[in-house]
Amino acid sequence: MPEDGTRTMHLKDDELVDLAEGARPESSAPHLASCEQCRRQVRDLRAMMSVAADVEAPEPSPLYWDHLSARVREAVATEAAARRPWLDEAAWRRVLMPAWAAVVASIIIVVALSSRLMAPPPSPAPPAAAVVKDTEVIDLWNGPAADDDESLTLVASLSAGLDLEAAGEAGLAAGGSAEHAVTHMDDDDLRELRRLLTQELAPSGA
Amino acid sequence: MAAADQPLADLDERALVDACLANQPGAFDLIVERHRRSVYQLCYRFVGNHEDASDLSQDVFIRAFRGLRRFRGQSSIATWLYRIGVNVCLNRVSAKSTLGKLTEPIHDRQFVDAGAESASDRILKEERAAHVRAAIAQLPPTQRATLILRMYHEMSHQEIASILGSSVGAVKANFFHALANLKKLLGEGI
C-alpha cells in the first residue's frame, strides 16, 4: 500500500487485455507508468499471445478433405431419408387424412346405430299404408323422414365431407370395426334391423 | 436472374441456405466444402487429436443441416458454424476427458511440406507446437474456447461473446485468464 495510505487500483483484466492487444494506447492508462506489476502483466499477455499465434493446427493430408465431405454427405443423406416422412407436409397429409376420415366415420356409425337402438318403443299398430314391403328401398337421406329426424340430419352433416376412399385406406372395415359389423350381418340381423328402421319411420308418416 | 437459375457458387449465403432447404443437389456440399477446414481446425484445437476432431467436425455439419431452418442470416454461416462447433466441442469435453489422446504423434497425421525447412528445425518446431497445443487443451473449456476463437479464428470479443452467450467483459476476462493459465502450464519450458 502506498505511504499516503491510498489503496493502489491496478488495471482490470479487460483493461490489461485491451492494452496487450493494442486496442487502446498505453498513454490512456497513466497507472501503467507507475506500476511494475501491471506492466509485467501486459508483457506476459503479449508473450503468451505470441507463443499461441505461432502454433498452427496440423494440416491433414489433402485427401482428407474429400473424405470428410463424403462422410458428411453420407450422414446427411441418411439423416434426410430418416426424417423426410415426418417433416414432409404432404406426408403428414397422407397420414392424417385417413385417420381423420376414420374418426368421422366412426362417429357417424355410432350415432346412427345408437339413435336407432335407443329409440323409444314403437307404437303398437302402424297403419297398413305405412307398412313397408321387404322389397322396397328406403332412402334415409332424402325421404320425408329425413327432414324431421335430428339424428339423420346430424349424420348427414358429419358425413358431408367424408372421403370414403380415405376411410377405406384407414382400414375402417377391418374385422371388429363398426362398419364390418354392419356390412357382415346375417339374414336374421338384417331382418331385425329393417324391422327397427321400419318402426322408427312409420310414425312420421313415411 | 432467379436464385434457382444461378450457379450455386454465385449464390449469397442466405440464398445458399435456401437452396439447401429446397433440397437443391450440391447446395449443402458447397457449405461443407467452404467451411470444413476451419471447422476441423476449431475441433482439432479443442480436442488435440485427429480422430476426435474428425468425428466432431462431422457432428458439427450434421447439426448444422438439422438446424438450417433456424439460420436467419443475422450472422455469417461461418460464425453460425463456429457457434455449433463450440457447443459440440464443449459437450464433448464435458462428457469425456480427451487428455489421454493429446500426445498423438504429430507426423502420423500431419501433412508437411518437407522441402520448406530443415528436418531438425521442423522437428523442434513441431515439438514446441505440440507442447503448446497440449497446454491449450488443458485449459478450462470456456477459456479454451475464448482463446481458440480469438487467436486462431480472428474473431472479435463481441463475436465471441455472441457465440458463447456472454458479455464482452466476460470474454476479455476469460481471455486474460486463459493466457495467464497457459503461461503457468508451459512454465519455463517455452
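Whatever comes next refers back to the structure up there.
Since we're looking at a predicted model, the values are computed, not measured. (Residues numbered from 1 in each chain as written. Chains lettered and ligands numbered in written order. Predicted model: local features only at pLDDT ≥ 70, side-chain atom pairs only at ≥ 80, totals over all residues.)

Another point: the overall build of chain A. When helices and strands are tallied, chain A shows ten helices and zero strands. The secondary structure elements of chain A, listed N-terminal to C-terminal, are α-α-α-α-α-α-α-α-α-α. The buried share of chain A, taken over its 206 residues, is 14%. In chain A, the proportion of contacts linking residues at least 24 apart, taken out of those at least 6 apart, comes to 68%. (Helix = DSSP H or I, 4+ residues; strand = E, 2+ residues; numbered from the N terminus. Buried ≥ 20, exposed ≤ 12 C-beta atoms within 10 Å, placed from the backbone. Contact = placed C-beta atoms within 7 Å.)

Further remarks concern the interface of chain A and chain B. With 28 residues of chain A in contact, the opposing surface of chain B contributes 35 residues. Breaking the side of chain A that touches chain B down by element, the ones donating at least two residues are α1 (13-21), α3 (36-53) and α4 (62-87) of chain A. Here the element with the most residues in the side of chain A that touches chain B is α4(A); it accounts for ten residues.

Membership of the largest hydrophobic core comes to 59 residues, with the highest contact counts inside it found for C43(B), V47(B), V60(B), C89(B), L147(B) and L182(B). Beyond its immediate chain neighbours, meaning those up to four positions away, V60(B) contacts V39(B), L81(B), I84(B), G85(B) and V88(B). (Core = buried A, V, L, I, M, F, W, Y, C linked by C-beta atoms within 7 Å.)

So, on to the packing of helix α8 (residues 157-164) of chain B against helix α9 (residues 168-186) of chain B. Residues and elements named next belong to chain B. Viewed as axis vectors pointing N to C, α8 and α9 meet at an angle of 100°, and their least axial separation amounts to 8 Å. In terms of orientation, α8 lies roughly perpendicular with respect to α9. Across the interface between the two elements, H157, Q158, I160, A161 and L164 of α8 pack against V168, V171 and K172 of α9. Class assignment for the residues of the contact of α8 with α9 results in five nonpolar, two polar and one charged. (Axes fitted to C-alpha atoms, helices over the stretch in contact; angles between N-to-C directions. Parallel < 35°, antiparallel > 145°, perpendicular 65-115°, else oblique. Nonpolar A, V, L, I, M, F, W, Y, C, P; charged D, E, K, R; others polar.)

Now for helix α3 (residues 50-66) of chain B. Side chains that are three or four residues apart share a direction in an α-helix, a result of its 3.6 residues per turn. Taking 1.5 Å of rise per residue, the 17 residues of α3(B) would be expected to cover 24 Å, and the 24 Å separating its terminal C-alpha atoms lies within 8% of that figure. Of the residues making up α3(B), those classed as buried are D52(B), A53(B), S54(B), L56(B), S57(B), Q58(B), D59(B), V60(B), F61(B) and A64(B). (Expected span 1.5 Å × (residues − 1).)

For the rest of this paragraph, the subject is the environment of E21(A). Along the chain, the position of E21(A) falls in helix α1. When the C-alpha positions of E21(A) and V42(A) are compared, they lie 9.1 Å apart, and in sequence the two are 21 residues distant.

This part takes up unusual backbone geometry. Residue and element names in this part refer to chain B. Even without glycine at this site, N23 takes up a positive phi of about 60°. Take N23: it is sitting in the loop between α1 (13-21) and α2 (27-47). Overall, N23 belongs to the exposed group, with 10 C-beta atoms counted inside 10 Å.

Without other data, these values stay purely geometric and don't point to any function.
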